[in-house]
Protein chains: 2
Amino acid sequence: MGLDHAGRRARFSDALAAAGVDLAFCPPSGDLEYLTGFPRRLASFGNFEYANQWVAGALFRPGTEPVYVIPQGYAAFNLPGGVNGEVVAVANADDAAAIFAGLLRRGGAPRTVAVSARAMGATVVRILQALPEVRLVDLDTVLGPLRRVKSADELAALERASLICDTVMAEITSSVAAGTTELEIASEVDYLMRRHGGRTPSFDTGVFAMGPGDGRDATTRVSVNALVEGLGVSFDFGTVVDGYCSDFGRTIQLGEPGPEYREVYEIVIAAQAAGIAAAIPGNTAAEVHRATRQVIVDAGYGDWFRHRTGHCIGLDTHERPFISEEDHTVLEEGMTFTIEPSVFRPGRVGARVEDLFVCEPGGARSLNRYHRDMVVV
Amino acid sequence: MGLDHAGRRARFSDALAAAGVDLAFCPPSGDLEYLTGFPRRLASFGNFEYANQWVAGALFRPGTEPVYVIPQGYAAFNLPGGVNGEVVAVANADDAAAIFAGLLRRGGAPRTVAVSARAMGATVVRILQALPEVRLVDLDTVLGPLRRVKSADELAALERASLICDTVMAEITSSVAAGTTELEIASEVDYLMRRHGGRTPSFDTGVFAMGPGDGRDATTRVSVNALVEGLGVSFDFGTVVDGYCSDFGRTIQLGEPGPEYREVYEIVIAAQAAGIAAAIPGNTAAEVHRATRQVIVDAGYGDWFRHRTGHCIGLDTHERPFISEEDHTVLEEGMTFTIEPSVFRPGRVGARVEDLFVCEPGGARSLNRYHRDMVVV
């Protein structure tokens, strides 16, 4: 792997101290995986919860190694490799609140505690019960700046995750045929990504057909509809390698495209190219969004590009900065993000192109290698 | 649908008032779906996040209708049907913290605020910034008791979700063959569940082979290993209908079973039967666990039944009470839960049976109809 967790923790420790944070809490999350390699469980739609689930995670104090707090159910089925370091095991019948309060106050009650943005509300409530006078801050303000610039090892993981998408896109193309359902294709995408070594989809796979005579819009990401000739089939998928997420998209036309599809396809490719050119160190995320969007607005399709241009990506699918109108973060070398312009106009046309890029002095470099030529099947 | 959201909100309002809670916050979650029908997004492994994601949800005050707070990105792609009621839209460039603080203080600053157990830590931090004197409580203490007993309409949804599992189990059996990989079978299970109308898997599907000569344990829920003769293949899957989750399991033997598999299979069936008999109104969750577990302990396999007997289930996969040693909640008519004893002994044998039950005066009634006979393929 080569991911330098110890170095990350050293920088994090310094950042905590500089921010005046006495203690930080991370549940199993991208934050905790970044700092320690502690693996996240796969996502579940319905809450997946063991006794004392809220206590699961690790506590960090500047200048010391983390203390892991692990409920019995989590340890039994989600940590086959265990954890290197101090572990406080919490049995199902234990008084988790008392154990947790003791750990929070170890060495003196902290005045300022940072919690992961995705920590459970139930955990934060218990921190406040244990430390009524505490000042709480969002850990993202401390850890976000460390996570956003990727190391060579992180780029390698993101590239492996992206190349799986390229491979799957090439393989799935032959499945796009009239009569096949979107669900069948999406299921095959999910299977192929895992077959090629991805741990899980990084988000719910989208396969949706749009075009003349079909009123559906892009809010339904997969249907059980059978594909019919004349529609553009948009793909949006990604997978996870060593914890790092990919995110990729193309649109394939089924049957001979009409003039509007041909026009729109070239527009989204041109919009992405404008974004790529703008995505250099020193420009802001908002500037990349504006450069991308302007191409679509100039072509008269601005009303149908209804989302931000992209988002940073790493251990999480959507990381800050967002490549979006409101985000004025200055891009730095080593940031990784998607550029994914679309035109989704229900009943008429739908097309999107999406790749994962790393910001470099010479411009944004794609970690995907899949071509962007129009594909008609 | 027939799900009585207005009636639920009325009971919730009374419960908030009785608990001295002035305001409650629910993000998109089982809690919010229970109270309003507001749909959850599908789960994603890497965080899926729009600008101001932390503000998404609804605020409830006793005696009033909820106020929905919906960021632009969430509204654009996740709420095609909109929401009935007051909606405060938050654009990407808006000052979400100021808008949220204004809503929290509308009509006077609340003294006690309840937050969903799964609310984002980032949201709770901002509640505290807006209301430094507030007392925070875990909403589960108020809403959990309302959610745990299911109505006839909820039971109907759980039964539909469970019957999809039954159908898929019957269909997938013919795919269990030497040379087929666990991943191929799990992908087919996921596809079939959606094909039969499930919205999504309710949790990550498990298909894992155990038995003589195979050292893997049950922490790896799916591998890319090809199945070989002589192993027991355990299934653990569920899907979602109208927001309600199912959770089902069987083990199928591939090739002629040895005497230990035959013995263990009967033990887990007998253990489940003991749990069913114990799961009557008035008994505690812990008593059901003990009755189930005792059968396995008496048979000498106690060390290999490493988890709780089950958990309640509804809009979430794991709801309280848990059918577990530490949970002394008294069961009531209309509670729904799994009884899922296992014996997972690496290198030797693995078998589990799991169905979804509703607590009734005559005993636990299964919402699954799939048989429990030993299957050898």
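Points about the packing of aromatic side chains
Note on aromatic pairs: each is described by the distance of the centres and the angle between the planes.
No. 1: In total, this model carries 24 aromatic pairs over all chains according to the counting rule given.
No. 2: Arranged with centres 6.1 Å apart and planes meeting at 90 degrees, the rings of F248 of chain B and Y370 of chain B form a pair that is edge-to-face. You can see F248 of chain B sitting in strand β11 (residues 248-254) and its partner Y370 of chain B sitting in the loop between β18 (363-366) and β19 (375-376), a full 122 residues away along the chain.
No. 3: Residue classification places F248 of chain B among the buried positions, given a relative accessible area of 0%.
No. 4: Feature note: the residues F235, F237, F248 and Y370 of chain A constitute an aromatic cluster, connected by ring pairs.
No. 5: The ring centre of F322 of chain A lies 4.4 Å from the NZ or CZ of R308 of chain A, which sits over that ring.
No. 6: The lysine or arginine in question, R41 of chain B, covers the ring of F48 of chain B, its NZ or CZ lying 3.5 Å from the ring centre.

Re the interface of chain A and chain B
When the parts of a complex come together, some accessible area is lost, and that lost area is often taken as the interface size.
No. 1: The interface is formed by 67 residues belonging to chain A together with 67 residues belonging to chain B.
No. 2: Looking only at chain A, the three residues that lose the most surface to chain B are F45, F77 and R118 of chain A, adding up to 15% of its buried area.
No. 3: In this structure, the salt-bridge partner of R126 of chain A is D138 of chain B, at a minimum N-O distance of 3.3 Å.
No. 4: Here chain A is connected to chain B by 34 residue pairs in polar contact (both at pLDDT 80 or more).
No. 5: Looking at the side of chain A that touches chain B, the elements with two or more residues in it are α3 (72-78), α5 (121-130), β6 (135-138), α8 (182-195) and β13 (319-323) of chain A.

Re the state of the cysteines
Residues and elements named next belong to chain A.
No. 1: Tallied over the full model, the rule gives 0 disulfides over all chains.
No. 2: Here C26 stays free of any disulfide, with the sulfur of C245 as its closest cysteine sulfur at 17 Å.
No. 3: Its relative accessible area of 0% is what places C26 among the buried residues.

Some thoughts on the confidence of the model for chain A
No. 1: Summing up the model confidence of chain A, the mean pLDDT is 96 and the portion of residues at 70 or higher is 100%.
No. 2: This complex was scored by the predictor with a pTM of 0.96 and an ipTM of 0.95.

Looking at the pattern of salt bridges
No. 1: Inspection of the entire model under this criterion finds 52 salt bridges over all chains.
No. 2: We note a salt bridge from R118 of chain A to E49 of chain B, for which the minimum N-O separation is 2.7 Å. On the criterion of chain membership, the pair formed by R118 of chain A in the loop between β5 (112-115) and α5 and E49 of chain B in the loop between α2 (30-36) and β2 (57-60) is interchain, its members lying in two chains.
No. 3: E49 of chain B gets classed as buried once you look at its relative accessible area, which sits at 7%.

Concerning the sheet that holds β11 of chain B
Residue and element names in this part refer to chain B.
No. 1: Here 4 strands make up an open sheet; going across it, the order is β7-β8-β11-β19 and the pairing mixed. Strands with a single pairing partner mark the edges of an open sheet, and in this sheet they are β7 (206-210) and β19.
No. 2: Two elements, β11 and β19, share 2 bridges in a ladder whose sense is parallel. Paired with I252 across the strands is V375, a residue of β19.

What about the relation of the copies chain A and chain B?
No. 1: If you rotate chain A by 180 degrees and push it 0.0 Å along the axis, it lands on chain B with an RMSD of 0.0 Å. As the rotation angle and translation indicate, the two copies are arranged about a two-fold axis.
No. 2: Of all interface residues in chain A, 100% are interface residues in chain B too; the two copies therefore contact each other through one and the same surface.

Some words on the domain arrangement of chain A
All names here are of chain A.
No. 1: One can read the domain layout of chain A as domain 1 (5-147) and domain 2 (152-376).
No. 2: On a C-alpha basis, the centres of domain 1 and domain 2 stand 34 Å from each other.
No. 3: If you look at the interface, domain 1 gives 9 residues, while domain 2 gives 10 residues.
No. 4: Applying the counting rule to domain 1 against domain 2 returns 5 salt bridges.
No. 5: The partner of D316 in a salt bridge is R147, with the nearest N and O atoms 2.9 Å apart.
No. 6: Linking domain 1 to domain 2 there are 8 residue pairs in polar contact (both at pLDDT 80 or more).
No. 7: If you list the elements that add at least two residues to the side of domain 1 that touches domain 2, you get α2 (30-36) and α6 (140-148).
No. 8: For the side of domain 1 that touches domain 2, the leading source of residues is α2, giving 3 residues.

Remarks on unusual backbone geometry
Residues and elements named next belong to chain A.
No. 1: Residue R320 is joined to P321 through a cis peptide bond whose omega torsion reads 0 degrees.
No. 2: Looking at the secondary structure, you find P321 in strand β13.
No. 3: Phi at D242 is positive, roughly 50 degrees, even though this residue is not glycine.
No. 4: Mapped onto the elements of the fold, D242 is located in the loop between β9 (240-241) and β10 (244-245).
No. 5: Owing to a relative accessible area of 34%, D242 belongs among the partly exposed residues under this scheme.

Some points on helix α9 (residues 259-278) of chain A
No. 1: The first and last C-alpha atoms of α9 of chain A sit 29 Å apart over 20 residues, in line with the 28 Å expected at 1.5 Å per residue.
No. 2: Of the residues making up α9 of chain A, those classed as buried are E260, Y261, V264, Y265, I267, V268, I269, A271, Q272, G275, I276 and A278 of chain A.

Looking at the sheet that holds β2 of chain B
Residue and element names in this part refer to chain B.
No. 1: Read from one edge to the other, the open sheet built from 6 strands follows the order β4-β3-β2-β1-β5-β6, with strand pairing classed as mixed. Strands at the two margins of the open sheet, each flanked by one partner only, are β4 (86-90) and β6 (135-138). The mean angle between the axes of side-by-side strands here comes to 20 degrees, regardless of whether they run parallel or antiparallel.
No. 2: Pairing geometry for strand β1 (residues 23-26) and β2, over 3 bridges, is antiparallel. Bridge pairing in β2 links F25 to L59.
No. 3: Along the sheet, helix α4 (residues 96-105) makes contact with β1, β2, β3 (67-71) and β4, crossing β4 at roughly 155 degrees.

Details of the side chain of E340 of chain A
Residues and elements named next belong to chain A.
No. 1: Turning to its location among the elements, E340 is positioned in the loop between β14 (336-339) and β15 (342-345).
No. 2: Only 3.1 Å separates the side chain of E340 from the side chain of H311, close enough to count as a polar contact.
No. 3: Engagement of the side chain of E340 in a polar contact is seen with the side chain of R352, the distance being 3.4 Å.
No. 4: Look past the residues within four positions of E340 in its chain and what remains in contact with it is D247, F305, H307, T309, G310, H311, R352, V353 and E354.

Regarding the side chain of D138 of chain B
No. 1: Here D138 of chain B shows up in strand β6.
No. 2: Within the structure, the side chain of D138 of chain B is placed 3.3 Å from the side chain of R126 of chain A, a separation counted as a polar contact.
No. 3: Polar side-chain contacts of D138 of chain B include one of 2.9 Å to the backbone nitrogen of D140 of chain B.
No. 4: When near neighbours in sequence (up to four residues on either side) are disregarded, D138 of chain B contacts A122, V125 and R126 of chain A together with V115 and A117 of chain B.

Digging into the packing of α8 of chain A against helix α8 (residues 182-195) of chain B
No. 1: Closest axis-to-axis distance for the α8 of chain A/α8 of chain B pair is 10 Å, and the angle between their directions is 155 degrees. The pairing of α8 of chain A with α8 of chain B is recorded here as roughly antiparallel in orientation. Crossing hand, α8 of chain A versus α8 of chain B: right-handed. Between α8 of chain A and α8 of chain B, the contacting residues are L183, E184, S187, Y191, R194 and R195 of chain A on the first element and L183, E184, S187, Y191, R194 and R195 of chain B on the second.
No. 2: Classifying every residue of the contact of α8 of chain A with α8 of chain B by side-chain character gives 4 nonpolar, 2 polar and 6 charged.

So, how was this worked out
- Per chain, residue numbering runs from 1 following the sequence as it is written.
- Chain labels run from A onward and ligand labels from 1 onward, assigned in the order the entries are written.
- Residue-level local features of this predicted model are given only where pLDDT is at least 70; pairs of side-chain atoms are given and counted only at 80 or more, and the full residue set underlies all totals for whole chains, interfaces and linings.
- The side-chain quantities take in all heavy atoms of the structure and omit both hydrogens and water.
- Each Phe, Tyr or Trp ring, with Trp reduced to its six-membered ring, pairs with another whose centre is within 6.5 Å; inter-plane angles below 30 degrees give stacked pairs, above 60 give edge-to-face pairs, and intermediate values give tilted ones.
- By the criteria applied, helices consist of DSSP H or I runs no shorter than four residues and strands consist of E runs no shorter than two, each listed in order from the N terminus.
- Type-normalised accessible area, obtained with a 1.4 Å probe on protein chains alone, sets the label of each residue: buried when under 20%, exposed when over 50%, and partly exposed for intermediate values.
- Only when the NZ of Lys or the CZ of Arg is both within 6 Å of the ring centre and within 35 degrees of the ring normal is a charge said to sit over the ring.
- We call two residues contacting when some pair of their heavy atoms lies within 4.5 Å.
- Put simply, buried area is how much 1.4 Å-probe accessible surface two parts lose in total, over both of them, once they are put together.
- The term salt bridge refers to a pairing of a side-chain nitrogen on Lys or Arg with a carboxyl oxygen on Asp or Glu at a separation within 4 Å.
- Under the rule applied, a polar contact is a pair of N or O atoms within 3.5 Å (in protein, one hydrogen donor and one hydrogen acceptor; residues adjacent in sequence only if both atoms are side-chain atoms).
- The rule for a disulfide is simple: a pair of cysteine sulfur atoms within 2.5 Å.
- Residue-level confidence of the predictor is summarised by pLDDT, bounded by 0 at the bottom and 100 at the top.
- When DSSP locates at least two bridges between a pair of strands, those strands are taken to pair.
- Least squares is used to superpose the copies, and the fit set is the C-alpha atoms of residues whose pLDDT is at least 70 in both copies.
- In this document the domain limits rely on a domain assignment from an automatic tool or a database.
- Helix span is expected to be 1.5 Å times the residue number reduced by one.
- Axis definition: a line fit to C-alpha positions, over the contact stretch in the case of helices; interaxial angles, taken between N-to-C directions, run 0 to 180 degrees.
- Should an angle fall under 35 degrees it is called roughly parallel, over 145 degrees roughly antiparallel, and 65 to 115 degrees roughly perpendicular, with every other angle called oblique.
- In this scheme the handedness of a crossing depends on how the near helix is turned from the far one: anticlockwise by less than a right angle means left-handed, clockwise means right-handed.
- Gly falls in the polar group here, along with every residue not listed as nonpolar (Ala, Val, Leu, Ile, Met, Phe, Trp, Tyr, Cys, Pro) or charged (Asp, Glu, Lys, Arg).

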